[in-house]
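# Coordinates in review
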Amino acid sequence: ICVPAVPVLFKQALENTDMEEGKSVSLRCELTKADATVVWKKGEATLQASAKYEMKQKGTVAELVIHNAEPEDA
């Protein structure tokens with residue numbers, strides 16, 4: 001028997017977050033499936049882990065931390 005894969009949905013989507021220039025800001029979302037692959041994008045560009053962008057994932061919660069936030073990160 002072939003069982004179709006259940007799609008991964010957002011249980012809690014990203015919310016607008018105020019940031020303070022030069023500080024770190026954390027963006028989180030919750031998914032319906034643990035350890036699903038998450039890709040963070042800014043417009044069409046895929047963000048890569050670096051000193052600026054830190055990606056974390058634990059269970060169903062995915063988090064993007066932006067270090068040294070600037071207005072261009074909006």
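Overview of the structure. Worth saying up front: this structure is predicted, and the values here are computed from it rather than measured.

In this section: the environment of threonine 32. With respect to the helices and strands, threonine 32 occurs in the loop between β2 (25-31) and β3 (41-42). We classify threonine 32 as partly exposed; its relative accessible area is 45%. On a C-alpha basis, the gap between threonine 32 and aspartate 73 in space is 27 Å, while along the polypeptide they are 41 residues apart. In this structure, threonine 32 is in contact with Pro7, Val8, Leu9 and Lys11, ignoring residues within four places of it in sequence.

Any two side chains of opposite charge can pair, so long as their charged atoms come close to each other. Enumeration according to the criterion identifies 5 salt bridges in this entry. The salt bridge partner of glutamate 70 is lysine 52, with a shortest N-O separation of 3.3 Å. Residue glutamate 70 is found in the segment after β6 (61-66), and its partner lysine 52 is found in the loop between β4 (45-46) and β5 (53-58); the two are separated by 18 residues along the sequence. When its relative accessible area of 18% is taken as the criterion, lysine 52 is described as buried. A salt bridge links lysine 56 to glutamate 54, with the shortest nitrogen-to-oxygen separation between them at 3.9 Å. Overall, lysine 56 belongs to the partly exposed group, its relative accessible area being 39%.

Calculation notes
Residues numbered from 1 in each chain as written. Predicted model: local features only at pLDDT ≥ 70, side-chain atom pairs only at ≥ 80, totals over all residues. Heavy atoms only, no water. Helix = DSSP H or I, 4+ residues; strand = E, 2+ residues; numbered from the N terminus. Buried < 20%, exposed > 50% of the residue type's maximum accessible area, 1.4 Å probe, protein only. Contact = heavy atoms within 4.5 Å. Salt bridge = Lys/Arg side-chain N within 4 Å of Asp/Glu carboxyl O.

Remember, this is a structural readout, not a statement about activity or role.
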